[in-house]
Amino acid sequence: MAKENNKILTAEQELKLRQPIDDYVGKIQAKINGLRENGTDRVVELQNDIDSAKRDHILTKQEKEIAIAKLKNELDKAKAVETQNRGEVSKLIGDAETYLKANYDAYYQAVVASCTEERVLAREKYRKAVADLEKEHQAAVAKMNSQNEVKEEKYVHKNRLFDAKMQYEKDLQEIKDRQHAAFDYKYHLIDMLRMSKFTFAESFAQRWENYKYTFNRRDFLLRNGLYIAIVIIFIILCAITPIVKNVPLLTYNNVLNILQQASPRMFLALGVAGLILLAGTDLSIGRMVGMGMTTATIIMHQGINTGSVFGHIFDFTGLPTPVKVVFALVMCILFCTFFTTIAGCFTARFKMHPFISTMANMLIIFGLTTYATKGVSFGAIESTIPNMIIPKINGFPTIILWAVAAIAIVWFIWNKTTFGKNLYAVGGNSEAAAVSGISVFKVTVGAFILAGILYGFGSWLECIRMFGSGSAAYGQGWETDAIAACVVGGVSFTGGIGKISGVVVGVLIFTALTYSLTILGIDTNLQFIFSGIIILVAVTLDCLKYVQKK
């Protein structure tokens, strides 16, 4: 062991080992700094001065032009010096990099070997400390007669074990920090030489090292454990489907079918994601779909409607097909937005929980739609409409492009607009947002309006995908799929946490899982069990992350 311990470097030994590198590269860096002083450094300084002069509101226009002209004249001289010295600087940088490539790895590997041995010693030290504490604890308990004394000794022993573990983890972190610092120092030298310019390979190496350095197994499992489990389940389904059904699951056509089914649901998930971001939800999504499907089918129906609405039979055969399509979309959006706005106003104005306001919406919408249509299905829409709106080009369903457009638009709203930033702020802490001048009422109602627009668009698209067949019962249970997709995708019910990419992943996961189970012949009712378990696990992991932060 003594021989192995010779590999361990003290701080002084490590500095001494690195000293030739510091000396060689340091001398080159000093020469480069001298060449850059009146060249590159002066160029950067003058460019900043020009930008400051342009923003200066004290100077008159004429004074500003004179100052900028003078600075540009100096800038031209500095650029000339920079150009003159560029060859010499490049040569010096190449010399330094060649030296680093030849000599730095030996230093770094010595540090890695030292850290490896230090970890072994730290582990042995911890095990010895635990063994000693156990021995002391057993000896102390053997001398005690009172149950209270034994109880107190166990409590003290538990605290001592915890302290030993904390010391062990501290020692490991110090070793980890030392190795990371040795790795990072090389790129610090390169950073100084090249003025923060790295190649792709160097940037990737730094990102990978930083990922390993900050990696935490518990955090990783909390963030990705559910995804890993679902991927494993999906792999198992892909393996057993050919055996049970004699058909492969993971084919090009099946992937397109999954994306096609996911596209209308993407609109619904994107809509409710904004409400979950506000620490809310929406229980009326399924009934919104039923209402939107019924409305769109009535307007785009092939011929005169056979069913009636409040006793009136509609006839839109006189309208051109493109007009009917646009009119159906507008009406779907208007109806859905009307009801979501009402729920948003009650939620924002009276501090009503979205669970209540949207549940009321769900009952009202279903009651109205069922009563108005007597619960009948309105049949098919004109056969030319699907090919007009979502045609298949060489077998590719263009309905997917509608979903991609929705994802891009909502991503832009969330990440590049003031409303999106306010959405995160209100979701994170509504009281703090209100104090900072954000209108919580407007943001809340705005989120509900955006959700209504997306619901209307999604139900209209689903109507076209299914060639109509709208009824009040259509869309039942879709709210659970949309909410579950958001939760699985990392949109937290605690508010203010979530990404569009997570919503997309969540929708694709749920659609793929449902499609796989359907092909496998699993009963629809049993599929609800899978969804329920996934939701429960997803929310549990989300709660664990929240508790850990607190």
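Residues numbered from 1 in each chain as written. Predicted model: local features only at pLDDT ≥ 70, side-chain atom pairs only at ≥ 80, totals over all residues. Heavy atoms only, no water.

Points about the overall build of the protein
When its secondary structure is counted, the protein shows 19 helices and two strands. Expected size for 550 residues packed as a compact globule is a radius of gyration near 24 Å; at 33 Å, the protein overshoots this value by more than 25%. Along the first, second and third principal axes, the C-alpha set of the protein runs to 95 × 95 × 55 Å. Across the 550 residues in the protein, those meeting the buried criterion constitute 41%. Considering only intrachain contacts with a sequence separation of at least 6, the fraction spanning at least 24 residues in the protein is 79%. When the accessible surface of the protein is split by element, carbon and sulfur atoms take 62% of a total near 30400 Å². (Helix = DSSP H or I, 4+ residues; strand = E, 2+ residues; numbered from the N terminus. Rg over C-alpha atoms; globule rule 2.2 N^0.38 Å. Buried < 20%, exposed > 50% of the residue type's maximum accessible area, 1.4 Å probe, protein only. Contact = heavy atoms within 4.5 Å. Areas by Shrake-Rupley, 256 points an atom, 1.4 Å probe, with all protein chains shown as cover.)

As for the packing of aromatic side chains
The relation between two aromatic rings is expressed through the spacing of the ring centres and the mutual angle of the planes. Applying the stated criterion across every chain, the model contains 20 aromatic pairs. Between F346 and F350 the ring centres are 5.6 Å apart and the planes differ by 40°, which places this aromatic pair in the tilted class. Of the residues examined, F346 reaches a relative accessible area of 38% and is grouped as partly exposed. Among the aromatic residues, ring-to-ring pairing joins Y108, F183, Y187 and F198 into one connected group. (Phe/Tyr/Trp six-rings, centres within 6.5 Å; stacked < 30°, edge-to-face > 60°.)

Side note on helix α7 (residues 217–245)
Along α7, the largest kink reaches about 60° and is centred on N224. Residue N216 occupies the N-cap position of α7, its side-chain oxygen lying 3.0 Å from the main-chain nitrogen of R218. Looking at the residues trailing α7, positive phi occurs at N246, about 60°. (Bend = angle between axes of the 7 residues up to and from the residue. Polar contact = N/O pair within 3.5 Å; in protein donor to acceptor, adjacent residues only side chain to side chain.)

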